[in-house]
Amino acid sequence: MKSQKRIRHVKSTFLLKECTTKADARRSAAKIALMNSVFNEHPSRRITETFIEKAVSDAISSFKGPRSDSENPNTGIGAFRFMLESSKGRSMLEFQELMTVFQLLHWNGSLRAMRERNCTRQEVLSHYSNRALDDDMRSQMALDWIAREQESPGIIRLELEQAASELVAARLGGRELRFSKEKRDILVLALSQTCSVDSLA
């Protein structure tokens with residue numbers, strides 16, 4: 001218990017520190033990544049039924065929704081519960097990766113496309129719950145952005161500028177970087193592919 005409190009204290013110290021230079025921000029981000037790894041892989045940070053019930057109750061209180069929403073996978077709270085249930089026994093670090101996957105799917109428009117194909121939220125969650133955020137997934141998302149670039153020239157560069165700004169802001173604020181970094185990497189990949197195609201034209 002003491003070690004867990006110590007980790008929380010150190011982690012909070014890093015999160016609250018405001019960085020004034022890029023070098024400080026990089027060091028701070030590295031410290032946050034290290035503490036997240038130690039903290040999230042701690043045995044007490046495994047997702048258990050007790051943790052799920054508390055997390056869902058906290059979410060219901062925050063969003064002031066009816067408790068019945070937690071049993072309906074087509075609601076936001078229900079989807080959150082389903083994701084937690086699917087991750088039971090995993091570490092918080094693994095659950096955060098799953099959340100990053102769904103953040104990217106939402107940002108990329110993939111979730112909307114699947115809804116338009118009449119896929120239920122539960123089907124989508126079931127499909128992606130056991131998929132890793134790997135090069136194949138990044139490449140697929142990059143292809144989606146290449147297609148958008150053909151319809152709206154310049155959209156990748158605009159989105160890349162925004163992602164780069166978000167990443168800098170997250171670093172300076174000592175916040176989680178994964179989502180912003182993945183967005184940037186996917187867009188850089190898409191841009192490199194469009195430039196390659198243009199050079200061959």
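Residue numbers here run from 1 along each chain, matching the order of that chain's written sequence. This being a predicted model, a pLDDT of at least 70 is required before a residue's local features are given, and a value of 80 or more before pairs of side-chain atoms are given or counted; all residues contribute to the totals for chains, interfaces and linings. Computation of side-chain values covers all heavy atoms of the structure but excludes hydrogens and water.

A. Representation of helix 8 (residues 135–151) in the model. Labels follow the DSSP assignment, with helices taken as runs of H or I lasting at least four residues and strands as runs of E lasting at least two, numbered in each case from the N terminus. Expected span of a helix: the number of residues minus one, times 1.5 Å. When the terminal C-alpha atoms of helix 8 are compared, their 25 Å separation across 17 residues agrees well with the 24 Å that a helix rising 1.5 Å per residue should span. Burial classes: relative accessible area under 20% of the type maximum marks a residue as buried, over 50% as exposed, and values in between as partly exposed (1.4 Å probe, protein chains only). Buried within helix 8 we find Met-137, Arg-138, Met-141, Ala-142, Trp-145, Ile-146 and Glu-149.

B. Structural detail: the environment of Leu-158. By the secondary structure assignment, Leu-158 is in helix 9 (residues 155–173). Here Leu-158 falls in the exposed class, since its relative accessible area comes to 58%.

C. Molecular detail of unusual backbone geometry. Even without a glycine there, the phi angle at Asn-118 is positive, about 65 degrees. Examined against the element boundaries, Asn-118 turns out to sit in the loop between helix 6 (110–116) and helix 7 (121–128). Overall, the relative accessible area of 68% leaves Asn-118 in the exposed class.

D. Broad picture of the pattern of salt bridges. By salt bridge we mean one thing: a side-chain nitrogen of Lys or Arg within 4 Å of a carboxyl oxygen of Asp or Glu. Applying the stated criterion across every chain yields a total of 13 salt bridges. Via salt bridges that share partners, Glu-49, Glu-53, Arg-81, Glu-85 and Lys-88 belong to a single interconnected network.

E. Quick peek at the environment of Gly-154. Note on placement: Gly-154 falls in the loop between helix 8 and helix 9. Residue class for Gly-154 comes out partly exposed when judged on its relative accessible area of 27%. Linking Gly-154 and Leu-191, residues 37 residues apart in sequence, is a C-alpha distance of 9.8 Å.

F. Broad picture of the environment of Arg-157. With respect to the helices and strands, the residue Arg-157 is situated in helix 9. Here the alpha-carbon distance between Arg-157 and Leu-187, two residues 30 residues apart in the chain, equals 8.0 Å. Contacts are assigned to residue pairs that have any heavy atoms within 4.5 Å of one another. Not counting residues up to four positions away in its chain, the partners in contact with Arg-157 are Leu-191 and Cys-195.

G. Quick peek at helix 3 (residues 49–63). The end-to-end C-alpha distance of helix 3, which contains 15 residues, comes to 21 Å, matching closely the 21 Å that a straight helix rising 1.5 Å per residue would cover. All of the buried residues in helix 3 are Ile-52, Ala-55, Val-56, Ala-59 and Ile-60. Seen along its axis, helix 3 keeps its buried residues to an arc of 135 degrees; they face one direction. Along helix 3, the residues that are exposed and aim more than 90 degrees away from the buried face are Thr-50, Lys-54, Ser-61 and Ser-62. At its buried positions, helix 3 is contacted by helix 4 (76–86). Lys-64, located one to two residues past helix 3, shows a positive phi value of around 55 degrees. In this context, the arc is that of the directions from the helix axis out to the C-beta atoms.

H. Fine view of the packing of helix 5 (residues 92–108) against helix 7. Packing of helix 5 against helix 7 brings their axes to within 11 Å, and their N-to-C directions diverge by 125 degrees. Between helix 5 and helix 7, the angle falls in the class oblique. Where helix 5 crosses over helix 7, the two elements pack in a sense that is right-handed. Across the interface between the two elements, Leu-98, Val-101, Phe-102 and Leu-105 from helix 5 touch Val-124, Leu-125 and Tyr-128 from helix 7. Every axis in this analysis is a line fitted to C-alpha atoms, fitted for helices over the stretch in contact. Angles between the N-to-C directions lie between 0 and 180 degrees. When describing relative orientation, an angle under 35 degrees is termed roughly parallel and one over 145 degrees roughly antiparallel, while 65 to 115 degrees is termed roughly perpendicular and anything else oblique. Crossing handedness is defined as follows: a turn of the near helix away from the far one that is anticlockwise and smaller than a right angle gives a left-handed crossing, while the clockwise case is right-handed.

I. Summary view of the confidence of the model for the chain. The quantity called pLDDT is the predictor's confidence in a given residue, expressed from 0 to 100. Of the residues in the chain, 74% reach a pLDDT of 70 or more, and the chain-wide mean stands at 78. When the criterion is pLDDT under 50, residues 1–17 qualifies, and its contacts beyond four places in sequence or with other chains add up to 21 contacts.

J. Expanded view of the nonpolar core. Ranked by internal contacts, the top residues of the largest apolar core, which has 37 residues, are Phe-102 and Tyr-128. Of all the secondary-structure elements, those providing two or more residues to this core are helix 3, helix 4, helix 5, helix 6, helix 7, helix 8, helix 9 and helix 10 (178–200). With eight residues, the top contributor of residues to this core is helix 5. Not counting residues within four places of it along the chain, the set of residues in contact with Phe-102 comprises Met-83, Leu-111, Val-124, Leu-125 and Tyr-128. By nonpolar core is meant a set of buried Ala, Val, Leu, Ile, Met, Phe, Trp, Tyr and Cys residues that side-chain atoms within 4.5 Å join together.

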